[in-house]
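Structural overview
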Amino acid sequence: MIRYPNGKKYKPVQPTNPQKGKSHSYSNRGKTLEDDLNETNEYYLTRNIAVIHKKPVPIQIVNVNYPSRSAAVITEAYFRTPSTTDFNGVWNGYHIDFEAKETKSKTSFPLQNIHEHQVEHMKTVMKQGGITFLIVGFTSLERYFVVPYDIIEAKWARMKDGGRKSITLAEFDSETLEISLGFMPTLDYLKAMPSLISRNK
């Protein structure tokens with residue numbers, strides 16, 4: 001069992017399994033958004049395009065069960081500090097910092113999937129001149145979007161003011177940048193960087 005610093009249990013997002021008998025595209029092959037991004041980052045790294053990695057999560061192990069001499073099972077652990085964002089690195093002299101989220105919904109992305117300290121972290125990165133954003137995958141629709149920080153900030157403020165607690169698919173279509181799954185790289189999110197740089201300026 002893994003817990004956050006405040007003691008709440010950590011519940012990992014379960015990957016969506018492809019349906020049997022269905023014709024599958026690049027995305028519908030049992031992989032998660034994180035898998036696709038790790039493959040993409042490996043492609044960028046091996047071709048000297050960018051150096052971007054998944055951040056390791058610092059965990060404090062509390063209890064370990066030893067069912068046999070050759071095996072150990074962690075039964076309880078805590079995140080040492082609240083997580084910031086999933087990925088960071090460098091591209092063309094810019095600091096890249098982003099969070100990746102998936103939703104099974106076909107109509108909207110719940111803002112409860114983002115933590116307030118993550119929004120604050122992204123705000124700090126942007127103020128320092130970094131490029132920060134959210135990548136959202138609608139797994140049921142096989143659609144993926146790069147969400148600039150200013151859009152996240154606006155929707156977060158709307159929620160705090162008592163408004164809608166999600167970003168609708170229509171808002172993704174009109175306000176964000178859609179990217180498609182492909183082959184080498186799997187999910188070429190760096191295509192969105194010129195637009196994000198322009199927005200920051």
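From a predicted model like this one, the values you see are computed outputs, not experimental measurements. (Residues numbered from 1 in each chain as written. Predicted model: local features only at pLDDT ≥ 70, side-chain atom pairs only at ≥ 80, totals over all residues. Heavy atoms only, no water.)

Before going further, it helps to examine the side chain of Asp97. With respect to the helices and strands, Asp97 occurs in strand S6 (residues 94-103). At 2.3 Å, the side chain of Asp97 forms a polar contact with the side chain of Thr85. (Helix = DSSP H or I, 4+ residues; strand = E, 2+ residues; numbered from the N terminus. Polar contact = N/O pair within 3.5 Å; in protein donor to acceptor, adjacent residues only side chain to side chain.)

Looking now at helix H1 (residues 33-46). Over its 14 residues, H1 extends 20 Å from the first C-alpha to the last, a length consistent with the 20 Å expected when each residue adds 1.5 Å. Looking at the buried residues of H1, the elements they touch are strand S2 (51-54), strand S5 (87-91), S6, strand S8 (131-138) and strand S9 (143-148). Positive phi appears at Asn48, one or two residues downstream of H1, with a value of about 55°. (Expected span 1.5 Å × (residues − 1). Contact = heavy atoms within 4.5 Å.)

The subject of this paragraph is the pairing of S9. Here S9 lies mainly inside the structure; 5 of its 6 residues are buried. Bridge analysis of S8 against S9 gives 6 bridges, and the strand direction is antiparallel. If you follow Val136 over to S9, its bridge partner there is Phe145. Taken together, S8 and the strand that follows it, S9, pair antiparallel across an intervening segment of 4 residues, in which Glu142 is found at a positive phi of about 55°. Taken together, the 3 bridges between S9 and strand S11 (residues 177-179) define a ladder with antiparallel strand orientation. Within S11, the position partnered with Val146 by the bridge is Leu177. (Buried < 20%, exposed > 50% of the residue type's maximum accessible area, 1.4 Å probe, protein only. Pairing = 2+ DSSP bridges.)

Attention now goes to the sheet that holds S9. Spatially, 6 strands are ordered S2-S5-S6-S8-S9-S11 in an open sheet, and the strand pairing comes out mixed. The two strands at the open ends of the sheet, each matched to only one other strand, are S2 and S11. The mean angle between the axes of side-by-side strands here comes to 25°, regardless of whether they run parallel or antiparallel. (Axes fitted to C-alpha atoms, helices over the stretch in contact; angles between N-to-C directions.)

To continue, consider the environment of Phe109. Its location among the elements puts Phe109 in strand S7 (residues 108-110). Among the residues examined, Phe109 registers a relative accessible area of 0% and is labelled buried. In the structure, Phe109 is positioned 63 residues away from Phe172 in sequence and 9.2 Å away in space, judged by C-alpha atoms. Beyond its immediate chain neighbours, meaning those up to four positions away, Phe109 contacts Lys101, Thr103, Ile114, Leu134, Val136, Phe138, Ser166, Ile167 and Phe172.

Glancing now at helix H2 (residues 116-127). For H2, with 12 residues, the first-to-last C-alpha span of 17 Å sits near the 16 Å given by 1.5 Å per residue. Along H2, the residues that are buried comprise Gln118, Val119, His121, Met122 and Val125. Buried residues of H2, viewed axially, fall in a sector of 160°; they line one side. Those residues of H2 that are buried lie in contact with S6, S8 and helix H3 (149-160). (Arc of directions from axis to C-beta.)

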